[in-house]
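One-letter residues, chain by chain:
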Amino acid sequence: QVQLVESGGGLVQPGGSLRLSCAASGFTLDYYAIGWFRQAPGKGREGVSCISSSAGNTYYTDSVKGRFTISRDNAKNTVYLQMNSLKPEDTADYYCATDLGTGCPPQLSEYNYWGQGTQVTVSS
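First, a word on what this report is: a plain description of the structure on this page. (Residues numbered from 1 in each chain as written. Predicted model: local features only at pLDDT ≥ 70, side-chain atom pairs only at ≥ 80, totals over all residues. Heavy atoms only, no water.)

Bringing unusual backbone geometry into the picture now. Look at Asn-77: it is not a glycine, yet its phi comes out positive at around 55°. Along the polypeptide, Asn-77 turns up in the loop between β7 (68-73) and β8 (78-83). We note that Ser-85 has phi near 50°; this positive angle belongs to a residue other than glycine. On the basis of relative accessibility, which here comes to 40%, the residue Ser-85 falls in the partly exposed class. (Helix = DSSP H or I, 4+ residues; strand = E, 2+ residues; numbered from the N terminus. Buried < 20%, exposed > 50% of the residue type's maximum accessible area, 1.4 Å probe, protein only.)

On to the pattern of salt bridges. One pass over the full model with this rule turns up four salt bridges. Linking Asp-90 and Arg-38 is a salt bridge whose minimum nitrogen-to-oxygen distance equals 2.9 Å. Of this pair, Asp-90 sits in the loop between β8 and β9 (92-98) while Arg-38 is found in strand β4 (residues 34-39), placing the two residues 52 residues apart along the sequence. The same class applies to Asp-90 as to Arg-38, namely buried. With a shortest N-O distance of 2.9 Å, Lys-65 and Asp-62 are connected by a salt bridge. Neither Lys-65 nor Asp-62 differs from the other in exposure class; each is exposed. Where salt bridges share partners, they join Arg-38, Glu-46, Arg-67 and Asp-90 into one cluster. (Salt bridge = Lys/Arg side-chain N within 4 Å of Asp/Glu carboxyl O.)

And the structure:
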């Protein structure tokens, strides 16, 4: 069973920080690329970041560059999203996902395995 479980969300003031975790079971996470996505109220799901496996490349959407950092801890079978300088527009449900490939898929629709999400609220 391929399973991804997100954790670390919560309520934070603007300018604050959170670290989200994506824990994998049923597969060895370090072999595969993992992406982070978010969905804000009234909006579609948006790609936030991705980390590849074989090359170790990282990608970020423009709105989070310089504020968010994606990383992996292979020993813990976990990928993290460190979120700093949070803004109200970062408020969303955050999901991690994979297509069981080594490179980051360019489109959201290519990710086949998803966690159930963790809620991030950045208050004004």
